Every structure is written in structure tokens, then in C-alpha cells.
Amino acid sequence: MAKTPRPDPVKVTLPDGRKVVVDGSVPRLEPERSHRLAGVATVATGLALMAEQGEWDPDSAELSLLRALEAAREGVIDALVAVIQKNLIECYIKETHEDPGEKSIMFQRAQPMCRKMAEDMVAENAYLEKLARWIALNVSSWGQEEKGDAIPVSTETVISLISTYAEDAAQAIAELLSPPHKPMQFLEEILGIRAVSGDTRPDLPRDMLVVLSSGHFQSLREALYKNTFRKVDGTPWPTAELSRGGAKGYAQLRPAVVEQDPHLPREQVQAWAQTMWRQQSELSDIDADALDALCAIYLSQARTPDDGAVADVDEILAMRGLKPKRGGQGRRGGYEPEQREEILRALTHIQNVWLNIAEVKVYETDPKGGKSRRPVTKTLQSRPFIITDRMGQIRLDGYMDVERFVFRPGKAFASFLFGTGRQTGLLFQKALQYDPYRRKWEKRLTRYVSWHWRAIARTGQFVQIYRIQTLLEAVGETLNDRYPSKTRVRLEKALDQLLEDRVIAGWQYDRWDEAITEKRGWGTDWLTATIAIEAPDELKDYYKQLAQSRPDSAPPQVISVKTPAGDADVLGERIRQHRRKTGQSQLQVAEALGIQQGYLSKLERGKAIPSPKLRQALDDWLES
């Protein structure tokens, strides 16, 4: 039996069954890195000998290779980084028609991003299991085709196998990072040809995501997880009212086909309406999780409103804190099909959401290119996100198991994600990770306080006073009239959990007399009590740095405490009109501003003059 190394070229069987010859163009690793795959080569050599001797066991071979690949995970990632870089260079040559040698490509700068892509590939959808199965297929064919002349499998051969298997995925990734999906500047920054454009935003705190923070977005989230979509006269579609933060409008579950063909026959409209009502019955916190995940993924990838973003179903499951099962001993690893189907169902719901907001505040660009100081009221009609492409495997029944997809925001919706109209804020990742059944209270309170802290961030008042009734409404719960103590215990347990998980820095009753609980019917009084909740330091610091880093931020306008009485009357009337227009009570506005309701009443009646700090907070609220 010969012991000579296998020469290039190497014959490789592709996943679709085609056989190709891989030559020296396959990316190479430095010797100090390629040795990480020596263990895989040793196992593959032994399996090739078994195939030659007719002792091949597919399940045992796949399991042995899987264990070897898991032990050599870093080597697999190194090989994937090389093939991703190769495809990025090829995309750059294709777009510029230039020899990359004429440019200074700094792979040291590109390494972190390419490595993150490679790590994501390895982590997703039982990637190593599929790779082990495919290597086993090739090793088996080599042993059977070369009886009497079996040749040891080298580390170079293993690298060739890994690279060829990853070629299609790496090519797809490179194309999505290149024009027309991304501007050329983005690709040049990845390759280190161009310096990375400065980002004045502070570093993201631990365990937090950046999502949309506008009032209508919070209203949409609440409509999804509370399932407030109802039947409304004049339309067959499930409809939910949206009325947060000055936004006035509604959301509907309405398929895109209605926009494409507004003259659908009545029977088709009725059939689609039945489908939408079925989807309405399925709405839950998971839909809000999927919406937040899409928003965070898009904001982390896209550079312009016209960009698309790539998301992975398993990535969303991981963001929700779910752990994939490990493979081995004949078991398939990865997430359960039911878990993936749950996310795909939520994505379908989100695609069918149609927003129509009659009054929404946006900041436009002024003629000089800067951000307008005053918001403009506009009408918004848009879908939040649209899935444009799907990637996955075709099942035997002809349907696709979607693994990865390309998506983008609706055109009008994108104005809140980019440019001068950008309205984004922090969301604790715990909002996605809390179990939607056992930790519903914690999940929904996390979303609410995260949104509210962003809404009042410019005031710098991160110890906020909330009425009990307001917190229950945020959760979508009501007081248990017969056993009010059960509601109280559950709310306090949720706040304690948020404190333990560092979502909040502290909480305590602000206005509440414990002696009231000795009276009959004390639950009604408890609803009007207030609780003080403090934001964690990481969140405070982030918003403070963000305010300081804005190039267009101006120092707060100082209002003299000697404001004429007539001006106080004007301010009071503005406060009252804006409060009524947004459908808020005095108590809700007072909570948002961090003041007592009685003091707000005096402001509205022109009987009090706000401090400079409160006046700035009032100006921000009046513009919200």
C-alpha cells in the first residue's frame, strides 16, 4: 500500500452530487494554523482504509468525523475565513475590474469581520454535522475508487474539502456585502482598502440590542404581544389601534397581494381575510421577539435605507436565548424543527403587517443638509419589514426548509432607521430571552421600561415614577379584584427578577401606605400607588455619551425663571392641548416628566414656572 501524499488536483464530490477538480486556487492556511486540522485528516485516513477494505459504516464514519471536526473547530473556522476572504476579493475584482494587487488589502483589518462570519456559519443549523456527512461521502468514494492504492488524507485535502463545501455560502455572503446590496465603500472597508468611516455612537452596553424606539414601533410591539387586533367596521382585515408617543393610526394584518392587485374578486378577498384572522389567533410575544430581532439585525448590517440585510432563523433563535441540542450517538444536533417553524410563522405575520399612521413626527433634513430642529407631522403607510429572498434546503415534499433570508424595511418605515429621522434606542436582550409563558410579566416590562427610558433620555431623569395601573397595562394584565394580593405579588416578583437580571438598578414604592391593605377593597387604591424604578448605570452612561457625541447637538436653551406670567399661560395651554391630542392623562404625562401630577396641573393652569431643566424636558415632550 503506497504512502505517497495525494497530489493536487483533488477530485471532490459537491453537495449536489457533481464532481469537480479542485486545483491550487483553493485558499491556503499558514502552516501554524493548518495543523489544527491534522486530527480530522488522521480520522479521514482511517475511514478511507475502512472503505477500501469494505468495512464502511456511514453512521459510525459521520460520528467519528463530527467529533474530530468539533475538536478542530478553530481550524474549520480558519479555513472558512480564508474562503470568505477569497470570495470578497473576487467580488471586488468583479465590481472594479481591477487587479487587487494594485490596492493595499489589509487582511488584518478584515480578519475580525470575516472571522465573525465564519463563526456564525459554524454555529448555525448543525453545520459541522452536515460537513462531517459530506466529508464522509468523499472519503468513502476515494476508498472505493482507489483500492490497492489508498493514499493518506492530508490536512491540505481536508482544507480543500472544507473550502469547497463552503464555497456557495461564502460566495452568497460576499455578494450580499457587495454592490448593489451594499455600497462599494462598505466592501473596501472590510478588505482594509479604505479606512473605516467614523461612528460617533458609543459602544453598545452588555446584553443590549439597538432597535427602533419611536412611539408607533412600541405601539406595534404591544399590539402584537397583547394581540389587540380586532374586527373594525368597513374593513375585512384584523385591525389594531396604535397610539403611543404621539402616534395616531392603526396596524392591520393585510397580505401584500392586496396592494399588488387592489381589484381582487370579492371571494379572493374573503379567502385572504380568513387567512389573516387565522394568523391573528396565532399572535404572541414571539412575534414581538421576531420584530425586535429583525430590527436589531438590520441596524447592525445596513448602512443606507436601501440596503438589504441577511438573517438566519437559527440566529434569531439564539438571540431568544434558546440553545441548540448537541449531536452525537445517532442524534441530530441543532434546533428542533418546531422551534424554527415558530420563528418562520412569526416572520410571516410580520410580513403581513400594514401600518397606517396619520400623525407621526419625523425630523427632516433642512436645505443645508442638517437635521431640522422641529419635527414635521407626516402620514406613514408602510410595511415594517419585507423578506425578499429565501435560502434553504428543498424537502422531499417540494417545500423549502428556510435557513437564511434577505430582508429590508418598508420604504417609509426605513426613514426611522436611518439618517436625520433615525429614532433608535437600547433594548435589553432579556426582552427576547425571557420565556413568553413563564416570564411574560418580566418580558413585557423589560420592553416597556427600555422604550420609556429612551423616550425621556434627554431629560437625564433615569429614576422614573410609574403608576401601578400603567405597569399593569404595559403587561396587558388587570387587577384580580377578588384576590388583589396575587396581582401585587406577581408584579413585585417581576420587578425583583428584573433587578436580579440587572435590567433595572432598583425599585421601591414611591407613594403607598401599607396600612391601606387592612381595608376592604384596597386593590383599587393600590392601582393608583406609584413605584420608582431606576435605570442601570450602563444604560445611563450610553445615553449620556450619545447626547455628547451628536455633532448637531446644541446646548439646552436656558429659560429665565423670571418668565412673564403671560408666557406661562401660553406654555400651559400648549401642554394641555398636546396632552389631549395624544390621549394621555395628567398622571401619565407627569410620570413621563418625572414630576407630581399636582405640579403638572399647576403648569397647565399657568400657576407655576418650570425650572430650566424641566422646561427642556417639556420642550422635548411637546415635540414628541
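Residues numbered from 1 in each chain as written. Predicted model: local features only at pLDDT ≥ 70, side-chain atom pairs only at ≥ 80, totals over all residues. Heavy atoms only, no water.

1. What to know about the pattern of salt bridges
Applying the stated rule across the entire model yields 21 salt bridges. Among the ionic pairs, Glu-62 bridges to Arg-133, the shortest N-O distance being 3.5 Å. Here the residue Glu-62 occupies a position in helix α3 (residues 58–71), and Arg-133 occupies one in helix α6 (residues 127–145), the gap between them amounting to 71 residues. Classification of Arg-133 by relative accessible area gives partly exposed; the value is 28%. The partner of Glu-604 in a salt bridge is Arg-579, with the nearest N and O atoms 2.6 Å apart. One end of the pair, Glu-604, is in helix α24 (residues 597–604); the other, Arg-579, is in helix α22 (residues 565–581), with 25 residues separating them in the sequence. Several salt bridges converge on common partners, so that one network encompasses Arg-221, Asp-289, Asp-292, Arg-320, Lys-443 and Arg-447. (Salt bridge = Lys/Arg side-chain N within 4 Å of Asp/Glu carboxyl O. Helix = DSSP H or I, 4+ residues; strand = E, 2+ residues; numbered from the N terminus. Buried < 20%, exposed > 50% of the residue type's maximum accessible area, 1.4 Å probe, protein only.)

2. Overview of the packing of helix α2 (residues 38–52) against α3
As a packed pair, α2 and α3 sit with axes 8 Å apart at the nearest point and diverge in direction by 165°. Taken together, the axes of α2 and α3 lie roughly antiparallel to each other. The handedness of the crossing between α2 and α3 comes out as right-handed. Residues Gly-39, Val-40, Val-43, Ala-44 and Leu-47 of α2 lie in contact with α3, whose contacting residues are Ala-61, Ser-64, Leu-65, Ala-68 and Leu-69. When its residues are assigned to classes, the contact of α2 with α3 shows eight nonpolar, two polar and no charged. (Axes fitted to C-alpha atoms, helices over the stretch in contact; angles between N-to-C directions. Parallel < 35°, antiparallel > 145°, perpendicular 65-115°, else oblique. Left-handed = near helix turned anticlockwise from the far one by under 90°. Contact = heavy atoms within 4.5 Å. Nonpolar A, V, L, I, M, F, W, Y, C, P; charged D, E, K, R; others polar.)

3. What about the nonpolar core?
With 94 residues, the main nonpolar core has Phe-407, Trp-453 and Trp-526 as its most contacted residues. Tallying contributions element by element places helix α12 (residues 285–301) first for this core, with ten residues. The residues touching Trp-453, leaving out its near neighbours within four places in the chain, are Phe-428, Phe-462, Gln-464, Tyr-466, Val-503, Ile-504, Ile-533, Glu-534, Ala-535, Pro-536, Leu-539 and Tyr-543. Ala-68, Val-83, Val-139 and Val-153 belong to the second-largest nonpolar core, a separate cluster that totals 47 residues. (Core = buried A, V, L, I, M, F, W, Y, C linked by side-chain atoms within 4.5 Å.)

4. Here we look at the sheet that holds strand β13 (residues 506–511)
Taken together, three strands build an open sheet; the order of strands is β12-β14-β13 and the sheet is antiparallel. Each of the sheet's edge strands pairs with one partner strand only, and the pair in question is β12 (463–467) and β13. Between one strand and the next, the sheet's axes are offset by a mean angle of 30°, whatever the strand orientation. Where β13 and strand β14 (residues 530–534) come together, five bridges link them in antiparallel fashion. Note that in β14 the partner of Gln-508 across the bridge is Ala-532. (Pairing = 2+ DSSP bridges.)

5. Some remarks on the side chain of Arg-467
Relative to the helices and strands, Arg-467 resides in strand β12. For Arg-467, a relative accessible area of 18% puts it in the buried group. Not counting residues up to four positions away in its chain, the partners in contact with Arg-467 are Leu-527, Thr-528, Ala-529, Thr-530, Leu-587 and Glu-591.

6. Let's talk about helix α18 (residues 468–475)
Judged by how many residues are buried, α18 sits mostly within the fold: six of eight residues are covered. A positive phi of about 85° marks Gly-476, the residue just after α18.

7. Structural notes on the packing of helix α17 (residues 440–455) against α18
Put simply, α17 and α18 touch, their axes get as near as 8 Å, and they point 110° apart. The pairing of α17 with α18 is recorded here as roughly perpendicular in orientation. Between α17 and α18 lies a crossing whose hand is right-handed. Where α17 abuts α18, its residues Trp-441, Arg-444, Leu-445 and Tyr-448 lie against Thr-470, Leu-471, Leu-472, Ala-474 and Val-475.

8. Some thoughts on the confidence of the model for the protein
Confidence along the protein averages 77 in pLDDT terms, with 74% of residues attaining 70 or more. Looking over the protein, one finds the lowest element-wise mean pLDDT in strand β2 (residues 19–22), namely 43, and the highest in helix α16 (residues 430–433), namely 95. Throughout residues 1–29 the model reports pLDDT below 50, and contacts reaching past four residues in sequence, or to other chains, amount to 65 contacts. In this model residues 551–566 is a low-confidence stretch, pLDDT under 50, and it forms twelve contacts with partners more than four residues away in sequence or in other chains. (pLDDT = per-residue confidence, 0-100.)

9. Thoughts on the packing of aromatic side chains
Throughout the structure, instances matching the rule amount to 13 aromatic pairs. Plain terms: the ring middles of Phe-385 and Phe-407 are 5.7 Å apart, the flat faces sit at 75° to each other, and that makes the pair edge-to-face. Of this pair, Phe-385 sits in strand β9 (residues 385–394) while Phe-407 sits in strand β10 (residues 400–409); the two residues are 22 residues apart in sequence, bridging distant segments of the chain. For the pair formed by Phe-385 and Phe-407, the shared burial category is buried. Summarising the aromatic geometry, the rings of Trp-512 and Trp-522 are spaced 6.5 Å apart at their centres and angled 50° between planes, so their arrangement reads as tilted. With Trp-512 in the loop between β13 and α20 (522–527) and Trp-522 in helix α20, the pair connects residues that are ten residues apart, well separated along the chain. (Phe/Tyr/Trp six-rings, centres within 6.5 Å; stacked < 30°, edge-to-face > 60°.)

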